[in-house]
Amino acid sequence: MEFWFTEKQTDKFGITAKVKRTLHTEKTDYQQLDVVETEEFGNMLLLDGMVMTTERDEFVYHEMVTHVPLFTHPEPKSVLVVGGGDGGAIREVLKHPSVEKATLVEIDGKVIEYSKKYLPTIAGALDDERVEVKVGDGFMHIAESENEYDVIMVDSTEPVGPAVKLFEKGFYEGIYKALKEDGIFVAQTDNPWFQSELVKNVYSDVKEIFQVTSLYTCNIPTYPSGLWTFTIGSKKHDPLNVPEERFHHIETKYYTKELHTAAFALPKFVTDLIK
Ligand code: SAM
């Protein structure tokens, strides 16, 4: 049965999509999980009523969360994705031939199960032999890791429920410890229109821990406000100073080496936020 789904992005504003039918709905141990088929964006994964990914625009987020840190690192071999149970970030990580092992730590096994069923072009890479999938808490995994990863990506939900801890300073300190001596991490840090405090606070926490900190953005039509931010913390390598020869060819639809640099050119109101 057709209906209009609205994600309330604030108490006064939302984004609406026409839904052809609901493919799955379930209250998991962690969150409300829905997969719906939309007319405009194909199958859409919703967690607690928030859009996580859609078949049509997922490439923007997954390419940008992955390729910016992975091209910044000279030879990423060991990569961790925290959250990201839809598999999109892992799919992009595997495009880098230097990667020997990609670990996914997703707290909710149901996200993995239903992404594989209803979002196979996104989740298919989770079955690759270089991938280890762990169903568990990313916060605990980080607390138990030391000097292990070249790149860590935090592909989490917004700071609600089990993801609240993933936006705290103690978590970023743990990430610093879990990274090797020239490691890099990136976190999705929501949007600067409705979540300006979050963008500001995460940036300031990361800046106190990492030698290099930068913010970059991309455009995602189905995410609140469309303008999305990512915060990078790096021990050594500067994402704005990547040698030309490091940009080997990979198939992408959004990321380019020119955009790698351009994405760090921020609108003035965003620069003002993180000053
Ligand atoms: N790209 C999306 C976005 O920005 O809206 C997020 C993708 S979604 C697949 C994020 C995942 O993080 C969810 O599946 C959720 O279950 C997972 N998650 C939340 N808290 C977590 C935690 N503490 N440890 C591991 N995974 C967590």
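These numbers come from a predicted model, not from an experiment. (Residues numbered from 1 in each chain as written. Predicted model: local features only at pLDDT ≥ 70, side-chain atom pairs only at ≥ 80, totals over all residues.)

Attention now moves to the pairing of strand E7 (residues 101–106). By the criterion of burial, E7 is predominantly enclosed, with five of the six residues buried. Here strand E6 (residues 78–83) pairs with E7 via five bridges, running parallel. By the bridge assignment for E7, Ser78 is matched with Lys101. In this fold, the crossover linking E6 to E7 by way of helix H2 (residues 88–93) has right-handed handedness. (Buried ≥ 20, exposed ≤ 12 C-beta atoms within 10 Å, placed from the backbone. Helix = DSSP H or I, 4+ residues; strand = E, 2+ residues; numbered from the N terminus. Pairing = 2+ DSSP bridges. Right-handed = clockwise from strand over helix to strand, strands pointing away.)

Before going further, it helps to examine the site of the ligand. In the vicinity of the ligand, 25 residues are found, and the nearest of them are Gly83, Ile107, Val111, Gly138 and Ala163. Listing elements by their share of the shell around the ligand, those giving two or more residues are strand E5 (50–54), E6, E7 and helix H5 (138–143). The class makeup of the residues in the shell around the ligand is twelve nonpolar, eight polar and five charged. (Near = placed C-beta within 6 Å. Nonpolar A, V, L, I, M, F, W, Y, C, P; charged D, E, K, R; others polar.)

Now for the UniProt feature "active site" (unreviewed entry) in the protein chain. Annotation from UniProt places "active site" (unreviewed entry) at Asp155. The exposure class of Asp155 is buried, given the 26 C-beta atoms found within 10 Å. What Asp155 contacts, discounting residues up to four positions off in sequence, is Val65, Val81, Val82, Gly83, Gly84, Ala89 and Gln188. (UniProt positions renumbered as here; feature names shortened; annotations may be inferred. Contact = placed C-beta atoms within 7 Å.)

Let's shift gears to the UniProt feature "binding site: spermidine" (unreviewed entry) in the protein chain. Under the local residue numbering, the UniProt record ascribes the feature "binding site: spermidine" (unreviewed entry) to His62, Asp86, Asp155, Ser156, Thr157 and Glu158. Locating Ser156 in the fold gives a position in the loop between strand E9 (149–155) and helix H6 (169–178). Here Ser156 is in contact with Val82, Gly83, Ala163, Leu166 and Gln188, once residues within four sequence places are set aside. Note on placement: Glu158 falls in the loop between E9 and H6. Overall, the presence of 21 C-beta atoms within 10 Å leaves Glu158 in the buried class. Not counting residues within four places of it along the chain, the set of residues in contact with Glu158 comprises Met50, Ala163 and Asp190.

Turning next to unusual backbone geometry. Positive phi outside glycine occurs at Asp190, with the angle close to 60°. Mapping Asp190 onto the fold places it in the loop between strand E10 (179–188) and helix H7 (196–209). On the basis of neighbour counts, which here come to 24 C-beta atoms within 10 Å, the residue Asp190 falls in the buried class. Backbone geometry at Ser225 places phi at a positive 75°, although glycine is not the residue there. Inspection of the secondary structure assignment puts Ser225 in the loop between strand E11 (212–219) and strand E12 (227–234).

Quick reminder: α-helices carry 3.6 residues per turn. Residues three or four places apart thus point the same way. Counted at 1.5 Å a residue, the expected span for helix H1 (residues 58–72) with its 15 residues is 21 Å, and the 22 Å between its end C-alpha atoms agrees. Remark: the principal bend of H1, roughly 25°, maps to Met64. Where burial is concerned, most of H1 is hidden: 14 out of the 15 residues are buried. (Expected span 1.5 Å × (residues − 1). Bend = angle between axes of the 7 residues up to and from the residue.)

Attention now goes to the domain arrangement of the protein chain. By convention, interface size is frequently given as the accessible area that disappears when the constituent parts associate. Domain annotation for the protein chain reports domain 1 (4–51) and domain 2 (58–273). For domain 1 and domain 2, the distance between their C-alpha centroids amounts to 23 Å. Listed by partner, the interface residues are 18 residues for domain 1 and 18 residues for domain 2. Breaking the side of domain 1 that touches domain 2 down by element, the ones donating at least two residues are strand E2 (14–27), strand E3 (32–38), strand E4 (42–47) and E5. By residue class, the composition of the side of domain 1 that touches domain 2 is ten nonpolar, six polar and two charged. (Domains from an automatic or database assignment.)

Across the interface, H6 lies against H7 with an axial gap of 10 Å and an inter-helix angle of 35°. As for the relative orientation of H6 and H7, their crossing is right-handed in sense. Of the residues in H7, those touching H6 at Lys169, Tyr172, Glu173 and Tyr176 are Asp205, Val206 and Ile209. (Axes fitted to C-alpha atoms, helices over the stretch in contact; angles between N-to-C directions. Left-handed = near helix turned anticlockwise from the far one by under 90°.)

What the seven strands build is an open sheet, ordered E8-E7-E6-E9-E10-E12-E11; its pairing is mixed. Each edge of the open sheet carries a strand with a single partner, namely strand E8 (131–135) and E11. Going across the sheet, the axis of each strand differs from the next one's by a mean of 15°, ignoring polarity. Sheet topology note: the E10/E12 ladder contains five bridges and is antiparallel. Paired with Gln188 across the two strands is Phe230, which belongs to E12. H1 rests against E9, E10, E11 and E12 of the sheet, and its axis sits at about 20° to E12.

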